[in-house]
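Summary of the model geometry
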Amino acid sequence: MTLTEKVLARASGKSHVQPGDNVWVNVDTLMTHDVCGPGTIGVFKREFGKTAKVWDRNRVVIIPDHYIFTADSMSNRNVDILREFAKEQDLPYFYDVIDDPSGNWKFDVEKGQLKKQYGSRYTGVCHTTLPWKGHTRPGEILFGTDSHTCMAGAFNQFATGIGNTDAGFILGTGKLLIKVPESMRFFLEGQLPVGVMAKDVILHVIGEIGFDGATYRAMQWEGPGVNSMSMDDRMTIANMAIEAGGKNGIFPCDDKTISYVRERVTENGTKNTFDPVEIDSKQSFVYDKVFDLSKLEPTVACHPDPGNRKSAKELEKVTLDRAYIGSCTGGKTSDFLAFAEVVKGKTVKIDTFGVPATTRVVQDLKETVWNGQSVWQILESAGVRLTENASCAACLGGPVDTFGRLNTPMKCISATNRNFPGRMGNKESQVFLASPYTVAASALTGHITDPREFLS
Amino acid sequence: MAHTVTSPVYVVHDNIDTDQIIPAQYLTLVPTIAEEYEKLGSYALIGLPDDAYPQRFVPENSTKTPYKIVIAGRNFGCGSSREHAPIAMGAAGVEAVVADSFARIYFRNCVATGELYPYDSNERLCDILKTGDIATLDFDHDTLTVNGKTYSLKPLGEVRPVIDAGGIFNFARESGMISKA
Ligand code: SF4
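The residue count restarts for each chain, going from 1 along the sequence in the order it is written. For naming, the first written chain is A and the first written ligand is 1, with later ones following in the order written. It should be noted that, the model being predicted, local features are given only for residues of pLDDT at least 70 and side-chain atom pairs only at 80 or more, the latter also being counted only at that level, while totals for whole chains, interfaces and linings use all residues. With hydrogens and water excluded, all non-hydrogen atoms of the structure serve as input to the side-chain values.

**Remarks on the site of the ligand**
Residue and element names in this part refer to chain A. Stated precisely, the cut-off is as follows: To be near a molecule or strand, a residue needs just one of its heavy atoms within 4 Å of it. Both site types are read off a 1 Å grid over the protein atoms alone. A 1.4 Å probe that fits but cannot get out defines a cavity, while an open set with protein on both sides within 12 Å along at least five of seven lines defines a pocket; lining residues have an atom within 4 Å of a point. Occupancy of a cavity or pocket is assigned to a molecule whenever over half of its atoms lie within 2 Å of that pocket's grid points. Amino acids are sorted into nonpolar (Ala, Val, Leu, Ile, Met, Phe, Trp, Tyr, Cys and Pro), charged (Asp, Glu, Lys and Arg) and polar (every other residue, Gly among them). For each domain, the first and last residues come from an automatic or database assignment.
Near the ligand you find H66, V125, H127, D146, H148, S327, C328, C392, C395, L396, N417 and R423, and these make up its full shell. The site holding the ligand turns out to be the largest cavity. Tallied by class, the residues present in the shell around the ligand amount to five nonpolar, five polar and two charged. The two domains that each donate at least three residues to the shell around the ligand are domain 1 (3-177) and domain 3 (300-453).

Right under this line is the structure:
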């Protein structure tokens, strides 16, 4: 069996499953956020009754992160709906924006977008929060009401996005009926050359198989190239399985996985037992291909879909209005450090927005010091508009006052993961997806730029 | 339920993602609140670029669409897991989408909510039909008839009874999988 089949077999109490089987799985963790949480709670109450209790309060994680720093009153209300529910159900893992459990969330427009407006429990983007707060574990099943839930596949688990109705069903029963997907294998060899990042790997692969090339399928990553990657790199890759239509992305478990997970579950006091799935000698794949990492180049997905692949070099003539670094896939500490490596001591030429994925990233950037300057200061002195308000921000457009949102037609290069028309706001805009290196180099020149010019 | 539906069709092409079906700024509406459900209908497909789709799907100041059948190309509903996507279309009065292919989560959300029938076509109908063509969709025979020509559709199979029941919960109750609330 493939890694995905093994996790699903175990979770459904079977010794063997194969693609196409419909199985009821026991869910280890259910995650929801401010956009789909209120609807999920609505479904749960409608179907199980007003006084119903969730199946297991320790397995429900609620992370407000999408529409937080906005004056939009409906958005603020949605965070309040989550708080109400967390209180009623006595949920230990609700990462609230404010500290007062009986308060109401209201964004303070006067204070502005850049300065911190959250309490001590707030974390930021859900998919980046889950591993940090010790909710991802090898061999487990995670569902989330968000398509990039597949990011947790980096941790050797089956993780995928679902809708509110399915999530409401899980809240009441702890189970879900799912179809076992066929698996595709991406076998990585070699090492990434200077200037090429995990983001380039996934953009290259999606370009190869097409934006619907993995529809209904699992994307399994293997090979020595995977072992050499950090957990952050694996997250970047697993995150974008959905951009090829994939049901999930999954990585093997190695020492890096184990030590990362152990550290986080210990730090947060979350469940500390887990049982990874190992690679079988017998696996069958519907697609199996070797990729040599050393041959890859800085890659860009052009408007209007993540499969529209070009090399950064080919696009040097494309002039830009804006650069953006942030999101679950591109707003991690390692992403900002890569970005800072390129822009340090220089000045950006176009409007450049930086939104850390989590509050931890904000802290990391302030505490990491290079030659007497914090990375936060380095970025600010380069002219990057950085906010302390970690969230999804303009990655998905959102309400019109969202930080960094494209409110007029423009061309934007972005370290995020999705570039369908209208994704970052204005539907006539064009978004180009690229690695933090490429976004940084392009921010410096004002046109799409191969970052290797700026790296030794 | 009616076994046929006759309506003008609305034709879209490949890769219509969930941001085009229901743009992110409208996701503040909570589908389980009745007024907000209705409101979602008024924004169905409002994210389609105006130059490619000059004809609005839902007329201004209305919550309902005149197009009960949507014809689409490949990968309809790709992108986010937002259930608001099939719900907005269902709230606007869409009964079925007939596409070359569907993205996984969108398809699943259609079934789970019972909002509409996601039919796979056998031919690339988005290149043959035009917005405004009058079509009759026959749910018993899995066919679409337009301008005197009948096109066969792929039968919905095991998901059909779930949508007929009105979604996964009704289906699970009817079949005894979960107890009646
Ligand atoms: S950062 Fe973007 S892709 Fe990630 S969860 Fe938020 S909106 Fe989705």
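**Side note on empty space enclosed by the protein**
Residue and element names in this part refer to chain A. Defined as follows: Grid points are joined across faces, edges and corners, and a volume is the space filled by probe spheres set on the points. For the purposes of this entry, the term helix denotes a DSSP run of H or I that reaches at least four residues, the term strand denotes a run of E that reaches at least two, and both are numbered from the N terminus.
All chains considered together, the criterion is met by six cavities of 30 Å³ or more. The wall of the largest cavity is formed by 23 residues, among which H66, D146, H148, L396 and R423 lie closest to the centre. Those elements that provide at least two residues to the lining of the largest cavity are α4 (126-132) and α10 (327-330). In terms of residue class, the lining of the largest cavity is built from nine nonpolar, ten polar and four charged. Here the lining of the largest cavity gathers at least three residues from each of two domains, domain 1 (3-177) and domain 3 (300-453).

**What to know about the side chain of E222(A)**
As a reminder, the rule being used: By definition, residues are in contact when any of their heavy atoms lie within 4.5 Å.
For E222(A), the position within the fold is in strand β8 (residues 217-222). Leave out the neighbours within four places in its chain, and E222(A) touches R185(A), F186(A), F187(A), L188(A), P252(A), I279(A), Q283(A) and F285(A).

**Concerning the nonpolar core**
Side chains of a nonpolar character, in soluble globular proteins, are inclined to be buried together. Here is the rule we go by: The nonpolar core is taken to be a set of buried Ala, Val, Leu, Ile, Met, Phe, Trp, Tyr and Cys residues, with the residues joined through side-chain atoms within 4.5 Å. Three labels apply to residues, based on accessible area from a 1.4 Å probe with only protein chains included: buried if under 20% of the type maximum, exposed if over 50%, partly exposed otherwise in between.
Ranked by size, the top nonpolar core spans 116 residues in total, and within it W221(A), I71(B), F76(B), M89(B), V97(B), Y106(B) and L144(B) carry the most contacts. Looking at this core element by element, the count peaks at seven residues for helix α6 (residues 198-209) of chain A. In this view, M89(B) contacts I21(B), A44(B), V70(B), F76(B), V94(B), V97(B), Y106(B) and L116(B); residues no more than four positions away in its chain are not counted.

**Describing the layout of surface pockets**
Considered as a void within the structure, the largest pocket measures approximately 920 Å³ in volume. Considering the residues around the largest pocket, the lining is formed by 34 residues, among which K179(A), Y216(A), F107(B), E158(B) and V159(B) are closest to the centre. Sorting the residues of the lining of the largest pocket by element identifies β6 (175-179) of chain A together with α4 (104-113), β4 (117-120) and α6 (168-174) of chain B as the ones contributing at least two each. A total of five residues in the lining of the largest pocket trace back to one element, the largest contributor, which is α4(B).

**Some remarks on unusual backbone geometry**
Residues and elements named next belong to chain A. A cis amide bond, omega 5 degrees, links H303 with the succeeding residue P304. Positionally, P304 belongs in the loop between β11 (299-301) and β12 (309-311). Despite not being glycine, D90 shows a phi value in the positive range, around 55 degrees. Looking at where D90 falls in the secondary structure, it is placed in the loop between α3 (73-89) and α4. For D90, a relative accessible area of 48% gives the class partly exposed. The phi torsion at A393 lies on the positive side, around 45 degrees, for a residue other than glycine. Mapped onto the fold, A393 is located in the loop between β17 (385-386) and β18 (411-414).

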